[in-house]
Amino acid sequence: DLSARIEDVVGSGQSRLTEEQLDDLEAVLIQADLGVKTTMEIIDQIREETRGERFITSFQVRRLLRTELLKILAEDQSAAGPSSVEGPAVVFVVGVNGVGKTTTIGKLARLYSSQGKSVLLCASDTFRAAAVEQLEIWAERTDSDFVKQSAGADPAAVLYDAIAASRARNRDVVIVDTAGRLHTKRNLMEELDKMKRVAAREVDGAPHEVYLIVDATTGQNGLIQAREFMRSSGVTGVIVTKLDGTAKGGIVAAIRKDLEIPIRFVGVGEKLEDLIEFSPEAFVDGLLFEEGAQSSDRRVQAES
Ligand code: GDP
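From a predicted model like this one, the values you see are computed outputs, not experimental measurements.

(A) The arrangement of the site of the ligand in detail. Taken together, 16 residues surround the ligand, and among them G98, K101, T102, T103 and E270 come closest. In this structure, G98 approaches the ligand through a main-chain N or O atom, which is 2.7 Å from an oxygen atom. One nitrogen or oxygen atom from the main chain of G100 is found 2.9 Å from an oxygen atom belonging to the ligand. Its free accessible area being 580 Å², the ligand has 77% of it covered by the protein chains. It is helix α5 (residues 101-114) that contributes the most residues to the shell around the ligand, four residues altogether. Of the residues contributing to the shell around the ligand, the split by class is three nonpolar, seven polar and six charged.

(B) Highlighting the pairing of strand β4 (residues 173-177). In terms of burial, β4 is largely enclosed, as five of its five residues are buried. Of the two faces of β4, the one lined by V173, I175 and D177 and the one lined by V174 and V176 are each fully buried. Across five bridges, the pairing between strand β2 (residues 119-123) and β4 is parallel. Paired with A123 across the two strands is D177, which belongs to β4.

(C) Summary view of the pattern of salt bridges. Applying the stated rule across the entire model yields 15 salt bridges. As a salt-bridge pair, D154 and K194 come within 2.9 Å of each other at their nearest N and O atoms. Pair noted here: D154 is in the loop between β3 (145-147) and α7 (155-168) and K194 is in helix α8 (residues 185-202), with a separation of 40 residues, a long-range link. By relative accessible area, D154 is classed as partly exposed at 34%. Since its relative accessible area comes to 36%, K194 is described here as partly exposed. We note a salt bridge from R201 to E202, for which the minimum N-O separation is 3.7 Å. Take R201: its relative accessible area is 60%, and that puts it in the exposed class. By relative accessible area, E202 is classed as partly exposed at 24%.

(D) How the structure looks around the sheet that holds β4. The strand order across the open sheet formed by eight strands is β3-β2-β4-β1-β5-β6-β7-β8, and the pairing between neighbours is mixed. Of all strands in the sheet, those with a lone pairing partner are β3 and β8 (275-277), marking the two edges. For this sheet, the mean angle separating the axes of adjacent strands, direction not counted, is 25°. Along the sheet, helix α9 (residues 219-229) contacts β1 (89-94) and β5 (209-215); its crossing angle with β5, the most-contacted strand, is approximately 155°.

(E) Local environment of helix α1 (residues 2-10). Looking only at α1, the buried set comprises L2, S3, I6, V9 and V10. Here the buried residues of α1 occupy an arc of 120° about the axis, which is enough to place them on one side. Packing partners of the buried residues in α1 comprise α2 (19-31), α4 (58-73) and α11 (280-288). Phi for G11, located one or two positions after α1, is positive at around 75°.

(F) Highlighting helix α6 (residues 129-141). If you check α6, its first and last C-alpha atoms are 19 Å apart, about what 13 residues at 1.5 Å a residue would give, namely 18 Å. Of all the positions in α6, only A131, V132, L135, W138 and A139 are classed as buried. Angular distribution of buried residues about the axis of α6 spans 120°; they occupy a single face of the element. Exposed residues pointing more than 90 degrees away from the buried face of α6 are listed as A130, E133, E140 and R141. Looking at the packing, one finds that the buried side of α6 touches α5, β2, β3 and β4.

(G) Structural context of the side chain of T142. Within the element layout of this structure, T142 appears in the loop between α6 and β3. Here the side chain of T142 touches S144 through a polar contact of 2.8 Å, side chain to side chain. Once residues lying within four places of it in the same chain are set aside, the contact partners of T142 are G106, A109, R110, S113 and L272.

(H) Region of the structure containing the packing of helix α3 (residues 36-49) against α4. Viewed as axis vectors pointing N to C, α3 and α4 meet at an angle of 130°, and their least axial separation amounts to 10 Å. Taken together, the axis directions place α3 and α4 in an arrangement best described as oblique. The two elements α3 and α4 meet at a crossing, and its hand is right-handed. Counted together, T38, I42, Q45, I46 and E49 of α3 and V61, L64, L65, E68, L69, K71 and I72 of α4 form the full contact between these two elements. Its residues assigned to classes, the contact of α3 with α4 comprises seven nonpolar, two polar and three charged.

Calculation notes
- Residues numbered from 1 in each chain as written.
- Predicted model: local features only at pLDDT ≥ 70, side-chain atom pairs only at ≥ 80, totals over all residues.
- Heavy atoms only, no water.
- Near = heavy atom within 4 Å.
- Polar contact = N/O pair within 3.5 Å; in protein donor to acceptor, adjacent residues only side chain to side chain.
- Areas by Shrake-Rupley, 256 points an atom, 1.4 Å probe, with all protein chains shown as cover.
- Helix = DSSP H or I, 4+ residues; strand = E, 2+ residues; numbered from the N terminus.
- Nonpolar A, V, L, I, M, F, W, Y, C, P; charged D, E, K, R; others polar.
- Buried < 20%, exposed > 50% of the residue type's maximum accessible area, 1.4 Å probe, protein only.
- Pairing = 2+ DSSP bridges.
- Salt bridge = Lys/Arg side-chain N within 4 Å of Asp/Glu carboxyl O.
- Axes fitted to C-alpha atoms, helices over the stretch in contact; angles between N-to-C directions.
- Contact = heavy atoms within 4.5 Å.
- Arc of directions from axis to C-beta.
- Expected span 1.5 Å × (residues − 1).
- Parallel < 35°, antiparallel > 145°, perpendicular 65-115°, else oblique.
- Left-handed = near helix turned anticlockwise from the far one by under 90°.

Given below as structure tokens:
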């Protein structure tokens, strides 16, 4: 865990940090998936800040690290969610296949319904029959309405149907699953843009959220793939999944810095309740001071 590794490098407070210790610290941060650029900036900052210190403890290093990480993560972290919309709120969920998109849609459905909102799931990933089936299961589990068409249907047409259905049934939120194939990148982004135009035409200000899903376990590589989706503009928030499956929580800061979009939620397991509303402070403290607390304590509380 990160705090223990920092302890190993810094020791328990002797003299000021040596260049060798700073090098070791740099390696620790890169290993934690913070990314080279962020790591360099943080190391430079720590070097500056500790220049005059006679004694420096690992606790002090972690305090400094906390400050630097919060600078990255807390920037522009204004309130999330489509709560103030004259219904239906339209939420797009985008990202490459396998990152946990379908699961996250189920978790979001549960979250919204625990807030008293009625939810409709829209199966616009029409290329994967399995994705449609999977989404239908999540709809059943979360008591959400579900709209699909036959395999290969136009995703924008499914969306149009879903919005009409949500109007007719007076639903509050439409969560839209989208295709995540990468081999026809250009078409995929065009398709997303088309869906956005349809949403905007049908509902004022829609889509109200476009959540980009990023898998924490794919590290810097996942970041490169996620960047593709930024070409289809309008991503409003990032959801980082599978944080329970990695000790490299630093990826969250790397994602925030690289994509320049606020992190909204993190996924910490395969179950419906394993979605945490992202709090920069809680996250950084969990990473640096109380490793392990993320996964067990701070789940989104939903009425069961
Ligand atoms: P999709 O292809 O992007 O729709 O991905 P799925 O939703 O089907 O998820 C792919 C796999 O990741 C499944 O086995 C999920 O159970 C798993 N998964 C999704 N989110 C999380 C998470 O936060 N933690 C863990 N451990 N597994 C997750």
